[in-house]
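Spelled out from the first residue to the last, the chains are:
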Amino acid sequence: GAGALATFGLPRAGNSQTQVKRFYIDSRFGQLHGYRAEPEKDSTKTPLICLHQTPSSAKIFKDFVAVMGQDRLTIAFDNPGYGSSDGPVDRVTLETYSETLADALETLGFGPNGSGPVDILGMLTGAKIGGELTRTRPDLVRRLILVQSLVMTEEQRLAMIAELQGGVRDGWATQGADFYVTRLKSALAGLDPEQTVDQAITDFADS
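Residues numbered from 1 in each chain as written. Predicted model: local features only at pLDDT ≥ 70, side-chain atom pairs only at ≥ 80, totals over all residues. Heavy atoms only, no water.

Let us now look at the overall build of the protein. Counting its secondary structure elements, the protein contains seven helices and six strands. Here the C-alpha radius of gyration of the protein, 18 Å, is about what a compact globule of 207 residues would show, namely 17 Å. Overall size of the protein, expressed as C-alpha extent along the three principal axes, is 55 × 40 × 30 Å. Residues classed as buried in the protein amount to 37% of the 207 residues present. (Helix = DSSP H or I, 4+ residues; strand = E, 2+ residues; numbered from the N terminus. Rg over C-alpha atoms; globule rule 2.2 N^0.38 Å. Buried < 20%, exposed > 50% of the residue type's maximum accessible area, 1.4 Å probe, protein only.)

Spelled out as structure tokens, the structure:
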């Protein structure tokens, strides 16, 4: 989460003169929420789009958006169903998330019929969504930046899903609601040196 982004060595948002603003646009699942920042003067630099991991939200990118927004338009989206974005009723594929992102970018005026392509920075699940968008819509993406991207076989992926789901079921079976207290204590005990307590709590609440 925020601790991983701290490895970029960026200053806190409080040191930036760029204001981060919230916005909503329509999507196939309802409203899609995001954060954006941009310089006061027009910039010729390619806009940067940030995609978060699961489960989390675009909040992990707020400080990053404030810093990067000093010299280019920078946007972080809440994936459908996460943060403040409306989501699907049932599970959907990464391809559907990618298609929703493509719709959003075109709505904001990017792409070959607009102001041109964007750069994508994706973390974990966001890296997968960004990779799928780059593969299927190269007209929308100039560069793809992968942060902690998981590369695994289908067998490894299914085994990880089973392990995560089993961990939650076992945790509830043995601890009940205290399962969440244990998770929060673990998150606070494992703080990254650059991560604040508030950031850890926000990451915990999102997850």
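Residue Thr54 is joined to Pro55 through a cis peptide bond whose omega torsion reads -5 degrees. With respect to the element layout, Pro55 can be found in the loop between strand E3 (48-51) and helix H2 (62-68). For Leu124, which is not glycine, the phi torsion reads 50 degrees and is therefore positive. One non-glycine residue with positive phi stands out, namely Gln148, at about 55 degrees.

Moving on: helix H5 (residues 154-175). Its 22 residues give H5 an end-to-end C-alpha distance of 31 Å, which sits within 8% of 32 Å, the value for a rise of 1.5 Å per residue. Directly beyond the C-terminal end of H5, a positive phi value near 60 degrees is found at Gly176. (Expected span 1.5 Å × (residues − 1).)

Let's shift gears to the packing of helix H3 (residues 94-107) against helix H4 (residues 125-136). With their axes 9 Å apart at the nearest point, H3 and H4 run at an angle of 70 degrees to one another. Between H3 and H4, the angle falls in the class roughly perpendicular. Handedness of the H3/H4 crossing: right-handed. Contacts between H3 and H4 pair Leu94, Glu95, Tyr97, Ser98, Leu101, Ala102 and Leu105 from the former with Thr125, Lys128, Ile129, Glu132, Leu133 and Thr136 from the latter. For the contact of H3 with H4, a count of residues per class yields seven nonpolar, three polar and three charged. (Axes fitted to C-alpha atoms, helices over the stretch in contact; angles between N-to-C directions. Parallel < 35°, antiparallel > 145°, perpendicular 65-115°, else oblique. Left-handed = near helix turned anticlockwise from the far one by under 90°. Contact = heavy atoms within 4.5 Å. Nonpolar A, V, L, I, M, F, W, Y, C, P; charged D, E, K, R; others polar.)

Glancing now at the pairing of strand E4 (residues 74-77). Along E4, one buried face is formed by Thr74 and Ala76 and the opposite face, lined by Ile75 and Phe77, is buried too. The pairing of strand E2 (residues 30-37) with E4 spans four bridges and is classified as antiparallel. Bridged to Gly34 within E4 is Phe77. Direction of pairing for E3 relative to E4: parallel, over a ladder of four bridges. Across the sheet, the residue bridging to Ile49 is Ile75, located in E4. (Pairing = 2+ DSSP bridges.)

Our next topic: the environment of Ala187. Along the chain, the position of Ala187 falls in helix H6 (residues 178-189). With 10 residues separating them in the primary sequence, Ala187 and Ala177 have C-alpha atoms 16 Å apart.

Another point: the packing of aromatic side chains. Under the criterion given, the structure shown has four aromatic pairs. Pairing Phe61 with Phe64 gives two aromatic rings, centres 6.3 Å apart and planes at 50 degrees, and the pair type is tilted. When its relative accessible area of 0% is taken as the criterion, Phe61 is described as buried. Joined through ring pairs, the aromatic side chains of Trp172, Phe179 and Tyr180 make up one cluster. Here the basic side chain of Arg36 rests over the ring of Phe23, its NZ or CZ set 5.9 Å away from the ring centre. (Phe/Tyr/Trp six-rings, centres within 6.5 Å; stacked < 30°, edge-to-face > 60°. Lys NZ or Arg CZ within 6 Å of the ring centre and 35° of its normal.)

Coordinates in, geometry out; function isn't part of it.
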